[in-house]
Protein chains: 2
Amino acid sequence: MSEEKKKNAIYIGKKGTMNYCLVVVTIFNKGEEECTIRARGRSISKAVDVAEISVRRFLPEIVEIADVVIGSEDLQNDDGQTKTVSTMDIVIKRK
Amino acid sequence: MSEEKKKNAIYIGKKGTMNYCLVVVTIFNKGEEECTIRARGRSISKAVDVAEISVRRFLPEIVEIADVVIGSEDLQNDDGQTKTVSTMDIVIKRK
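Overview of the structure. (Residues numbered from 1 in each chain as written. Chains lettered and ligands numbered in written order. Predicted model: local features only at pLDDT ≥ 70, side-chain atom pairs only at ≥ 80, totals over all residues. Heavy atoms only, no water.)

## Description of the sheet that holds strand β2 (residues 34–40) of chain B
Whether parallel or antiparallel, the strands of a sheet pair through hydrogen bonds between backbone atoms. All names here are of chain B. The sheet built from 4 strands is open, its strands ordered β1-β2-β4-β3 with mixed pairing. Two strands close off the open sheet at either side, each with one partner strand: β1 (9–11) and β3 (63–76). This sheet shows a mean twist of 20 degrees between the axes of neighbouring strands, independent of strand direction. Pairing analysis gives 13 bridges linking β3 to strand β4 (residues 82–94), with the strands arranged antiparallel. Across the sheet, Val-68 pairs through a bridge with Ile-90, a residue of β4. Strand contacts of helix α1 (residues 17–29): β1, β2, β3 and β4, with the helix running at about 160 degrees to β2, the strand carrying the most contacts. Helix α2 (residues 44–58) contacts β2, β3 and β4 of the sheet and is inclined by roughly 5 degrees relative to β4. (Pairing = 2+ DSSP bridges. Helix = DSSP H or I, 4+ residues; strand = E, 2+ residues; numbered from the N terminus. Axes fitted to C-alpha atoms, helices over the stretch in contact; angles between N-to-C directions. Contact = heavy atoms within 4.5 Å.)

## Overview of the packing of helix α2 (residues 44–58) of chain A against α2 of chain B
For the pair α2 of chain A and α2 of chain B, interaxial distance at closest approach is 6 Å and the crossing angle is 115 degrees. As α2 of chain A packs across α2 of chain B, the resulting crossing turns out to be right-handed. Along its contact with α2 of chain A, which presents Ile-44, Ser-45 and Val-48 of chain A, the element α2 of chain B presents Ile-44, Ser-45 and Val-48 of chain B. The class makeup of the residues in the contact of α2 of chain A with α2 of chain B is 4 nonpolar, 2 polar and no charged. (Left-handed = near helix turned anticlockwise from the far one by under 90°. Nonpolar A, V, L, I, M, F, W, Y, C, P; charged D, E, K, R; others polar.)

## Describing the pairing of strand β2 (residues 34–40) of chain A
All names here are of chain A. Of all the 7 residues making up β2, 5 are buried; the element is thus mostly covered by neighbouring parts of the structure. This β-α-β element, strand β1 (residues 9–11) to helix α1 (residues 17–29) to β2, shows right-handed connectivity. Pairing of β2 with strand β4 (residues 82–94) involves 7 bridges; the strand directions are antiparallel. Residue pairing across strands places Arg-40 opposite Thr-87, the latter belonging to β4. (Buried < 20%, exposed > 50% of the residue type's maximum accessible area, 1.4 Å probe, protein only. Right-handed = clockwise from strand over helix to strand, strands pointing away.)

## Regarding the relation of the copies chain A and chain B
A rotation about an axis combined with a shift along that same axis relates the two copies of the chain. Taken as rigid bodies, chain A and chain B are interconverted by a rotation of 180 degrees and an axial shift of 0.0 Å, the fit giving an RMSD of 0.0 Å. In short, the pair behaves as if placed about a two-fold rotation axis. The rotation axis passes nearest to the C-alpha of Ser-45 of chain A in chain A, at a distance of 2.7 Å. A shared interface surface links the copies, since 100% of the contact residues of chain A are contact residues in chain B too. (Least-squares fit on C-alpha atoms with pLDDT ≥ 70 in both.)

## A look at α1 of chain A
Residues and elements named next belong to chain A. Look at α1: 19 Å from first C-alpha to last across 13 residues, which is about the 18 Å you get at 1.5 Å a residue. In this structure, the buried residues of α1 make contact with β1, β2, α2, β3 (63–76) and β4. Phi turns positive one or two residues past the end of α1, at Gly-31, with a value near 100 degrees. (Expected span 1.5 Å × (residues − 1).)

## Side note on the pairing of β2 of chain B
As defined by bridge partners, β1 of chain B adjoins β2 of chain B across 3 bridges and the pair is classed as parallel. Across the sheet, residue Ala-9 of chain B finds its bridge partner in β2 of chain B, namely Thr-36 of chain B.

Geometry only, nothing functional implied.
So, in structure tokens, the structure goes:
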């Protein structure tokens, strides 16, 4: 996950899957051309759920999954230890 | 996840991450050209960890992530109910 701020980036955290799906649907209903779903570590599974549900169930005629990128990121704990976590970006674009 | 049997497919389940990394390393040490890491549902996060650790830590000069594909699959419970789960295929290829 690169550090630059992406336009229409949705960071997957502890909320329910449908909360994030609603954000995706809202972004495209506002007329935007693309959004990026970003997640780290255990949230990656939820990110895939959000992308699949948003694209296949809610916006199947309108958007598609344009790119899926996985990577690693070094996070520093409060006690100075570095831990590597996996990251994922899913780019959804208007067809 | 398509139903065809892929050559050198590694299905991510309940074992530890390093167990699957060892399978990836062994496949490429035997001279194979590619392998596919496949996972469903909650195991998807672990699949990304396996791919990242295998490629970046163990085989950085030798292999690369060639493709990441996400999808959905309908699973039938014992009581006949259908549940949709997210799937992921990560293709790793020799450079």
